[in-house]
Amino acid sequence: MSLATNSLDMAEGFYGAVLGWTFRPGRLGEEFRVAMAEGVPVAGIAEVTRTLGVPVAWTPFFAVDDADTVAARVRERVATVAVGPLALGDGRGALAADPDGATFGFWEGPVHASWDVAQGAPPARLELRTRDAFAAALFYGEVFEWAADAPGRCEVEYREGGVQIECAGHTVATLRGGAVEAAPDPHVRPRWHVSFSVDDVDDTVKAAVEAGGSVTDGPRDVPGGRTAGLRDRQGGLFTVAAR
C-alpha cells in the first residue's frame, strides 16, 4: 500500500496520531517514507502528488516480475497506464487504472518481507468495489496471472458475496460489484479500498477527528466486525476495521 500525499510532514503527523505509526526514510529518496507499526513496515508514503499530478489517495501496489509486460497487458485490455513504469530506487513502478477507472499500481523489484504474503498475513485488507466483480476478476487475473498454473500464484474463488483472491493461505483482496461509475460520491464509484486493522474502531475515529480528519462512514457493525470510513487531513480515504 502506498499513500500519495501533498505533505510528508502532515501525513506523518496524522497517521502517527491516528494509527500509532512511526516513520523512517525510504530507499527511494527524500520524498518517500516507510510507515512502521511496532517496528514492522506497513505502508509507503510518497510526496509525489504535485510532481506527478495524481490526487491524494491510498493505492494498492502489486508485486510483478516484469513491469513492462504487465503494462502491456493493461493496455491490451482497454485500461490505462497513467504513470510509468518509472525507475525508482532499485525497482520500477507504475500507476494504472482498470477499465472501470479504479486506480492501482504495480512494482517490479524487492519488497519488504512484511509485504510478502508468503511470509505472513498482509498489513492491510484490500477491497475493490467495482461495477462487475466477475469482469474485474478476469481483468486482474489476466494482468497479474492470478489463478495461473504456476507455483506461488493466487487462487480466485467466489465466496461470502464477493470474489476472493487468496495467496499463500491468506485472503489478500476481495472484489465486489455494485459500484456506479458516474456517482458523485467517491465511495460509490469503482475504486480500491484500503482497510487497516485497529484495536478499537471508535477510539481511532475519535483520534482521526482530533487530528483534523473526518468520518465518511460509520462507525458501524458489519458481519466481519466493526468498521469506519475516514478521510485524512489532505483528503485521502481509508477504512479502519476491528482487529
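Our subject in this report is the structure included herewith. Quick caveat: nothing in here was measured; it's all calculated off a predicted structure.

### Side note on unusual backbone geometry
Thought 1: Of note, the bond from Gly218 into Pro219 is cis; its omega dihedral lies within 30 degrees of zero at 0°.
Thought 2: Tracing the sequence through the fold places Pro219 in strand β15 (residues 214-222).
Thought 3: Even without being a glycine, Glu38 presents a positive backbone phi close to 55°.
Thought 4: Residue position: Glu38 is located in the loop between β3 (32-37) and β4 (40-46).
Thought 5: The exposed category is assigned to Glu38, whose relative accessible area is 83%.

### Comments concerning the packing of helix α3 (residues 67-76) against helix α4 (residues 133-144)
Thought 1: In contact at an axis separation of 9 Å, α3 and α4 are set at 150° when each is read in the N-to-C sense. The pairing of α3 with α4 is recorded here as roughly antiparallel in orientation. Here the hand of the crossing between α3 and α4 comes out right-handed. The residues of α4 that touch α3, namely those facing Val70, Arg73 and Val74, are Phe139, Glu142, Val143 and Phe144.
Thought 2: In terms of residue class, the contact of α3 with α4 is made up of five nonpolar, no polar and two charged.

### Looking at the pairing of β3
Thought 1: Sheet topology note: the strand β2 (residues 22-25)/β3 ladder contains four bridges and is antiparallel. Bridged to Arg24 within β3 is Val34.
Thought 2: One ladder, built from six bridges, connects β3 with β4; its direction is antiparallel. Its bridge partner being in β4, Val34 is matched across the sheet by Gly44.
Thought 3: Count of turn residues in the β3/β4 antiparallel hairpin: two residues, of which Glu38 carries a positive phi of about 55°.

### So, the side chain of Asp98
Thought 1: Tracing the chain through its elements places Asp98 in the loop between β8 (91-97) and β9 (103-108).
Thought 2: Although Asp98 is buried, it forms no salt bridge, and the closest oppositely charged side chain is Arg131 at an N-O distance of 8.5 Å.
Thought 3: Polar contacts involving the side chain of Asp98 include one to the main-chain amide nitrogen of Asp100, which spans 2.9 Å.
Thought 4: If sequence neighbours within four positions are ignored, Asp98 has contacts with Ala79, Phe104, Leu128, Phe139 and Tyr140.

### Some details on the environment of Arg176
Thought 1: Residue placement: Arg176 occurs in strand β13 (residues 170-176).
Thought 2: With relative accessibility at 26%, the residue Arg176 sits in the partly exposed group.
Thought 3: Residues within four places of Arg176 in sequence aside, it is in contact with Glu127, Leu128, Arg129, Thr130, Ala133, Glu160, Gly161 and Gly162.
Thought 4: Engagement of the side chain of Arg176 in a polar contact is seen with the side chain of Glu127, the distance being 2.9 Å.

### Observations concerning the pairing of strand β10 (residues 125-129)
In summary, the side chains of a regular strand alternate between the two faces of the sheet.
Thought 1: Here β10 pairs with strand β14 (residues 191-198) via five bridges, running antiparallel. Each bridged residue has a counterpart across the sheet, and for Arg125 the counterpart in β14 is Ser195.
Thought 2: By the bridge criterion, three bridges tie β10 to β13 in an arrangement that is parallel. If you follow Glu127 over to β13, its bridge partner there is Thr174.

### Quick word on the sheet that holds strand β1 (residues 2-4)
Thought 1: Spatial ordering of the open sheet is given by β2-β3-β4-β1-β5, a layout of five strands whose pairing is mixed. Each of the sheet's edge strands pairs with one partner strand only, and the pair in question is β2 and β5 (57-59). Neighbour to neighbour, the strand axes of the sheet diverge by 30° on average, direction disregarded.
Thought 2: Strand contacts of helix α1 (residues 8-19): β1, β2, β3, β4 and β5, with the helix running at about 145° to β2, the strand carrying the most contacts.

### Concerning the packing of aromatic side chains
Thought 1: Evaluated as defined, the whole model comprises 22 aromatic pairs.
Thought 2: An aromatic cluster of at least three residues, connected via ring pairs, comprises Phe62, Phe104, Phe106, Phe139, Tyr140, Phe144, Trp146 and Trp192.

Thresholds, definitions, all that
- Residue numbers run consecutively from 1 along every chain, following the written order of its sequence.
- The model is predicted, so local features are restricted to residues of pLDDT at least 70 and side-chain atom pairs to those at 80 or more, both for listing and for counting; the totals for chains, interfaces and linings are taken over all residues.
- For the side-chain quantities, the full set of heavy atoms in the structure was used; hydrogens and water were omitted.
- Working definition: helices are DSSP H or I runs of at least four residues, strands are E runs of at least two. Numbering for both runs from the N terminus.
- Type-normalised accessible area, obtained with a 1.4 Å probe on protein chains alone, sets the label of each residue: buried when under 20%, exposed when over 50%, and partly exposed for intermediate values.
- To obtain each axis, a line is fitted to C-alpha atoms, and for helices this fit is confined to the stretch in contact; angles are then taken between N-to-C directions over 0 to 180 degrees.
- Each angle is binned into one of four classes, with values under 35 degrees roughly parallel, values over 145 roughly antiparallel, values of 65 to 115 roughly perpendicular, and all other values oblique.
- In a left-handed crossing the near helix is turned counterclockwise from the far helix by less than a right angle, and in a right-handed crossing that turn is clockwise.
- The contact criterion used throughout is that any non-hydrogen atoms of two residues lie within 4.5 Å.
- In this classification, Asp, Glu, Lys and Arg are treated as charged, Ala, Val, Leu, Ile, Met, Phe, Trp, Tyr, Cys and Pro as nonpolar, and every other residue, Gly included, as polar.
- Strand pairing is defined by DSSP finding a minimum of two bridges between the two strands.
- His is not counted here, nor are the chain ends, while Lys and Arg score as positive and Asp and Glu score as negative.
- We define a salt bridge as a contact between a side-chain nitrogen of Lys or Arg and a carboxyl oxygen of Asp or Glu at a distance within 4 Å.
- Here a polar contact is taken to be a pair of N or O atoms separated by no more than 3.5 Å, where protein atoms must pair a possible hydrogen donor with a possible acceptor and residues adjacent in sequence count only if both atoms sit in side chains.
- Within 6.5 Å between ring centres, the rings of Phe, Tyr and Trp (the latter by its six-membered ring) count as paired, and their orientation is classed by plane angle as stacked under 30 degrees, edge-to-face over 60, tilted in between.

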